[in-house]
Amino acid sequence: MIITQPTLQNIPQMCEILKPEVERGVILERPLDIMANLIRSYHIAWEEEEALNSQQKLTLENKSLEDLKNPIMLGFCALHIHALDLAEIRSLIVVPFAQRRGVASALIKDCLREGKILGISEVLVLTYKRVLFEKLGFSEISKEKIPNQKIWADCILCKHFPLCDEIALIKKI
């Protein structure tokens, strides 16, 4: 498995992967132009089609996308910057056939690595996957601690607002 920054040409495939979760109300829908505008914040996990047939946990390799013969998009997420010291991991999704194989953890770790390089000191997430994030060192916080710009820019667009049942977690990096 490798993790890359996407190109604009990846957006239609990303939207297809998101579609079922958007319909379920688990992930906010982002219009194509917004995704294009935020393309630099995304991280995509890829693997060769042949490697997916084994049921082993996938490992990160030091390859480029061009090295993969038949690259399959496994999932993606975004690291969104809120302030000089705060970022958020959002839109984390892994295709069903690649779940429970380390893809989500690898994507989260890649976002944390980037956040550290940028000088971010804390990374926030709103999620239904508490255990996944706790395994990676995130701790639950009260939703009242979430910055107002997050609530009014993103949360207000959610069909569950204001009765959010996601869990807020944060990690110092």
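These remarks concern the structure in this document. Here the residue numbering is sequential within each chain, running from 1 through the sequence in written order. This being a predicted model, a pLDDT of at least 70 is required before a residue's local features are given, and a value of 80 or more before pairs of side-chain atoms are given or counted; all residues contribute to the totals for chains, interfaces and linings. Computation of side-chain values covers all heavy atoms of the structure but excludes hydrogens and water.

**So, the layout of surface pockets**
Grid points spaced at 1 Å and placed over the protein atoms alone form the basis of the search, with a cavity being a set where a 1.4 Å probe fits but cannot get out and a pocket an open set showing protein on both sides within 12 Å along at least five of seven lines. Lining residues have an atom within 4 Å of a point. Grid points are joined across faces, edges and corners, and a volume is the space filled by probe spheres set on the points. Size it by volume and the second largest pocket reaches roughly 170 Å³. Lining the second largest pocket are Cys-15, Glu-16, Leu-18, Lys-19, Val-22, Glu-23, Leu-28, Glu-29, Arg-30, Pro-31 and Leu-32. The helix count covers DSSP runs of H or I at least four residues long, the strand count covers runs of E at least two residues long, and both are numbered beginning at the N terminus. Tallying contributions element by element places helix H1 (residues 11–24) first for the lining of the second largest pocket, with 6 residues. For the lining of the second largest pocket, the per-class residue count stands at 6 nonpolar, no polar and 5 charged. Ten residue types, Ala, Val, Leu, Ile, Met, Phe, Trp, Tyr, Cys and Pro, are classed as nonpolar, four, Asp, Glu, Lys and Arg, as charged, and the remainder, Gly among them, as polar.

**Section: the sheet that holds strand S5 (residues 122–127)**
Strands pair, by our definition, only if DSSP identifies at least two bridges between them. Reading across the sheet, the 7 strands line up as S1-S2-S3-S4-S5-S7-S6 and stay open at both edges, with mixed pairing between neighbours. Each of the sheet's edge strands pairs with one partner strand only, and the pair in question is strand S1 (2–4) and strand S6 (139–140). Pairing of S6 with strand S7 (residues 167–172), which is carried by 2 bridges, proceeds in the antiparallel orientation. Following the sheet pairing, Ser-139 is matched in S7 by Ile-170. We call two residues contacting when some pair of their heavy atoms lies within 4.5 Å. Working convention: axes come from line fits to C-alpha atoms, limited for helices to the stretch in contact. Angles between N-to-C directions cover 0 to 180 degrees. Seen against the sheet, helix H4 (residues 103–118) touches S1, strand S2 (42–48), strand S3 (71–81), strand S4 (86–94), S5 and S7 and runs at an angle of roughly 40 degrees to S3.

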